[in-house]
Amino acid sequence: RKEVEQDPGPFNVPEGATVAFNCTYSNSASQSFFWYRQDCRKEPKLLMSVYSSGNEDGRFTAQLNRASQYISLLIRDSKLSDSATYLCVVNMLGGAGSYQLTFGKGTKLSVIP
Amino acid sequence: GAVVSQHPSRVICKSGTSVKIECRSLDFQATTMFWYRQFPKQSLMLMATSNEGSKATYEQGVEKDKFLINHASLTLSTLTVTSAHPEDSSFYICSANFLFGSGTQLSVL
């Protein structure tokens, strides 16, 4: 089983649609969770952190279910500029207090006019 | 604000040559930096963890003699791809404190 698994995608949605991304992780000792956005041939950029209580930032809502080891990202009223690859990222605490980010393969989103 | 600066953004080199990529933390110190590699349509794969003042920790399957890492200060880590070959062509990205450099696209001819 892969450490971080995401929907394979790609997702092609019309402008204004609501789209949901799902992610599961295998290591129950994982400490923290994030969604990153990556544009083609660019570096990943932090979109939002994910908490058990759920968090919302404008049109974006992230949710964590530790019991199911499941993370989600919801984008409402999608815009053309939302087109990108969305990466589910899990942080595990390693030895000597260091951390290690593990990335999912990403789900590509294309928002169509 | 805190930024991770990576140079060069793109490099094209001949097979057999060595290429150095720099990663700097701006406005913060980083005792640990991470080097990733990303092939087209693949996820970022951690290559090694760079530790200031000590040896880097390499992930399984990554040749430490081929990918030399130096982390001599709290703000600079370098990755040197030695004797590069076409199969080393990839997008290399460094990271510190959950921030990423802008990446280096390496093309080996």
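First, a word on scope: everything that follows refers to the structure included in this document. (Residues numbered from 1 in each chain as written. Chains lettered and ligands numbered in written order. Predicted model: local features only at pLDDT ≥ 70, side-chain atom pairs only at ≥ 80, totals over all residues. Heavy atoms only, no water.)

1. Describing the overall build of chain A
- What chain A contains, in helices and strands, is zero helices and eleven strands.
- Helices (α) and strands (β) of chain A occur, in sequence order from the N terminus, as β-β-β-β-β-β-β-β-β-β-β.
- Against the compact-globule benchmark of 13 Å for 113 residues, chain A has a radius of gyration of 14 Å, which places it among compact chains.
- Counting only C-alpha atoms, chain A reaches 50 × 30 × 25 Å along its principal axes.
- Considering chain A as a whole, with its 113 residues, one finds that 43% of them fall into the buried category.
- Counting only contacts in chain A whose residues sit at least 6 apart along the sequence, the fraction spanning at least 24 positions is 55%.
- Carbon and sulfur atoms provide 50% of the accessible area of chain A, an area that totals close to 5700 Å².
- Distance between charge centroids for chain A: 4 Å, based on 12 positive and 10 negative side chains. (Helix = DSSP H or I, 4+ residues; strand = E, 2+ residues; numbered from the N terminus. Rg over C-alpha atoms; globule rule 2.2 N^0.38 Å. Buried < 20%, exposed > 50% of the residue type's maximum accessible area, 1.4 Å probe, protein only. Contact = heavy atoms within 4.5 Å. Areas by Shrake-Rupley, 256 points an atom, 1.4 Å probe, with all protein chains shown as cover. Lys, Arg positive; Asp, Glu negative; His and termini not counted. Charge placed at Lys NZ, Arg CZ, Asp CG, Glu CD.)

2. Quick word on the environment of Gly54(A)
Residues and elements named next belong to chain A.
- Mapped onto the secondary structure, Gly-54 falls in the loop between strand E5 (45–50) and strand E6 (55–57).
- In this structure, the C-alpha to C-alpha distance between Gly-54 and Leu-64, residues ten residues apart in sequence, is 6.5 Å.
- Those residues in contact with Gly-54, other than ones at most four positions away along the chain, are Ala-62 and Gln-63.

3. Describing the interface of chain A and chain B
- Counting from both sides, the interface comprises 15 residues of chain A and, opposite them, 17 residues of chain B.
- Between chain A and chain B, the buried area comes to about 1400 Å², and carbon and sulfur atoms account for 59% of it.
- The tally of links from chain A across to chain B stands at zero salt bridges.
- Linking chain A to chain B there are three residue pairs in polar contact (both at pLDDT 80 or more).
- In terms of residues, the side of chain A that touches chain B owes the most to one element, strand E10 (residues 99–103) of chain A, which gives four residues.
- In terms of residue class, the side of chain A that touches chain B is made up of seven nonpolar, four polar and four charged. (Buried area = accessible area lost by both parts, 1.4 Å probe. Salt bridge = Lys/Arg side-chain N within 4 Å of Asp/Glu carboxyl O. Polar contact = N/O pair within 3.5 Å; in protein donor to acceptor, adjacent residues only side chain to side chain. Nonpolar A, V, L, I, M, F, W, Y, C, P; charged D, E, K, R; others polar.)

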